[in-house]
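# Fold and geometry: a report
Here is what each chain is made of, one letter per residue.
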Amino acid sequence: MAWEKLSTTVLTGTADEIDSGTIDARINLFATLFIKDSGTANLKLQFNDVTTTTYATRYNENNSSDTTQDTQASIRLYQTGSGTNIERYVTMFISNIGSKEKLVTAQVNEMTATGAGTAPLSVSVSGKWESGTNSITSIQAINDAAGSFAADSALVVYGSVE
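Quantities reported herein were computed from a predicted structural model and do not represent experimental measurements. Throughout, residues of each chain are indexed from 1 in the direction in which the sequence is written. Given that this is a predicted model, residues contribute local features only at a pLDDT of at least 70 and side-chain atom pairs are listed and counted only at 80 or more, while totals for whole chains, interfaces and linings are drawn from all residues. Working from all heavy atoms in the structure, the side-chain values ignore hydrogens and water.

Time to look at the overall build of the protein. Helical segments are the DSSP runs of H or I of at least four residues, strand segments are the runs of E of at least two, and each set is numbered from the N terminus. For the protein, the count of helices and strands is zero helices and 13 strands. Tracing the protein from N to C terminus, the helices and strands come up as β-β-β-β-β-β-β-β-β-β-β-β-β. Principal-axis analysis of the C-alpha atoms gives the protein an extent of 45 × 35 × 30 Å. Relative to its full complement of 162 residues, the protein shows a buried share of 43%. Two residues qualify as a contact provided that any one of their heavy atoms is within 4.5 Å of a heavy atom in the partner residue. Of all intrachain contacts in the protein linking residues separated by at least 6 positions in sequence, the fraction that spans at least 24 positions is 74%. Reported accessibility uses the Shrake-Rupley method at a 1.4 Å probe radius. Residues are deemed covered only where the shown protein chains occlude them. Roughly 7,600 Å² of accessible area belongs to the protein as shown, and the carbon and sulfur atoms make up 48% of that amount. A positive count includes Lys and Arg, and a negative count includes Asp and Glu. His and the chain ends are not counted in either. For this purpose, a charge sits on NZ of Lys, CZ of Arg, CG of Asp or CD of Glu. Across the protein, the centroid of the 10 positively charged side chains sits 4 Å from that of the 17 negatively charged ones. Type-normalised accessible area, obtained with a 1.4 Å probe on protein chains alone, sets the label of each residue: buried when under 20%, exposed when over 50%, and partly exposed for intermediate values.

In structure tokens form, the structure reads like this:
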């Protein structure tokens, strides 16, 4: 499968949202996020600016047992209590078939300290969005904590070339 870059958004200052802008509705999407926290930030995912409780998440932290969150306003992409000024790298594959629920598989790595003496934290995520018949045409990384996303945080979205 070949991929085409659809969008790149890089923050130039602090913000509570990174938005892809309008993207082509492709059957398969791949996205990467690099997030630098300014203070404490909770990284969550939404599509098409939809904030209603049409999302569900299953995740595990550091390969522990699964936790589920049903009927949510976003998909959770962060480690519980990971601290302040964290750097996160996220990779996501998204199934974007118009008539189906949108399925998300994501892997999150969080750096809480520098140096080889501290292993990164990890979060494995399976999520979905009940969108009716709407395809994903924009992606939002959002923060709902007291801090924000710092400058140089970035969202890059690729779409499959059918």
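On we go from here.
Turning next to the nonpolar core. When a protein is soluble and globular, its nonpolar side chains tend to lie buried together. The nonpolar core is taken to be a set of buried Ala, Val, Leu, Ile, Met, Phe, Trp, Tyr and Cys residues, with the residues joined through side-chain atoms within 4.5 Å. One finds L33, L43, F47, L77, M92 and I139 to be the most contacted residues of the largest nonpolar core, which totals 31 residues. Among the secondary structure elements, those contributing two or more residues to this core are β3 (28-38), β4 (43-47), β5 (55-61), β8 (87-95), β9 (102-111), β10 (121-129), β11 (139-143) and β13 (154-161). Considering every element that reaches this core, the biggest residue donor is β3, with four residues. Once you skip the residues sitting within four places of it in the chain, I139 turns out to touch I18, D19, S20, I23, L29, L45, Q46, F47, I94, L155 and V157.

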